[in-house]
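If you want the building blocks of each chain, they are given just below.
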Amino acid sequence: MISIRDIRQEQNLTQKDIAEKLKVTPNAVSQWENGVRNPSLENVKRLAKILHCTTDDILRGEFTDE
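Small disclaimer: the values here were computed from a predicted structure and weren't measured. (Residues numbered from 1 in each chain as written. Predicted model: local features only at pLDDT ≥ 70, side-chain atom pairs only at ≥ 80, totals over all residues. Heavy atoms only, no water.)

## What about the environment of isoleucine 2?
Stage number 1. Counting through the fold element by element, isoleucine 2 comes out in the segment before helix H1 (4–10).
Stage number 2. Since its relative accessible area comes to 49%, isoleucine 2 is described here as partly exposed.
Stage number 3. Taking the C-alpha atoms as reference points, isoleucine 2 and arginine 37, 35 residues apart in sequence, are found 17 Å from one another.
Stage number 4. Here isoleucine 2 is in contact with Ile7, Asp57 and Gly61, once residues within four sequence places are set aside. (Helix = DSSP H or I, 4+ residues; strand = E, 2+ residues; numbered from the N terminus. Buried < 20%, exposed > 50% of the residue type's maximum accessible area, 1.4 Å probe, protein only. Contact = heavy atoms within 4.5 Å.)

And the structure:
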């Protein structure tokens, strides 16, 4: 299963890069990637644009119970 981290790393972006574009802290991005917290729906939409993927890619990769 592909995660936010996988997509971000494929594009050679850092957590800091993503955080700056979303105007959140790098710690918030880390928490999303580690499943500690979930991004808001608005941030999921914005992440999809930044990472050139669909919101479904992000939601399937991060928020399943498998």
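## Quick look at the nonpolar core
Stage number 1. With 16 residues, the main nonpolar core has Ile18, Trp32, Leu47, Leu51 and Ile58 as its most contacted residues.
Stage number 2. Per element, the largest residue contribution to this core is five residues, and it comes from helix H4 (residues 41–51). (Core = buried A, V, L, I, M, F, W, Y, C linked by side-chain atoms within 4.5 Å.)

## Remarks on the pattern of salt bridges
Side chains carrying opposite charge are able to pair once their charged atoms draw close together.
Stage number 1. Tallied over the entire structure, the rule returns two salt bridges.
Stage number 2. Between arginine 5 and glutamate 33 there is a salt bridge, with its nearest N and O atoms 3.4 Å apart. In this pair, arginine 5 is assigned in helix H1 and glutamate 33 in helix H3 (residues 26–33), connecting sequence segments 28 residues apart.
Stage number 3. Here arginine 8 ties to glutamate 33 by a salt bridge, and the two come within 2.6 Å at their closest N and O atoms. (Salt bridge = Lys/Arg side-chain N within 4 Å of Asp/Glu carboxyl O.)

## Let's talk about H4
A turn of α-helix holds 3.6 residues, and therefore any two residues three or four places apart point the same way.
Stage number 1. When H4 is considered as a whole, its buried residues turn out to be Asn43, Val44, Leu47, Ala48, Ile50 and Leu51. Here the buried residues of H4 occupy an arc of 165 degrees about the axis, which is enough to place them on one side. Exposed and facing more than 90 degrees away from the buried side of H4 are Leu41 and Lys49.
Stage number 2. Two residues or fewer past H4, histidine 52 is found with a positive phi of approximately 55 degrees. (Arc of directions from axis to C-beta.)

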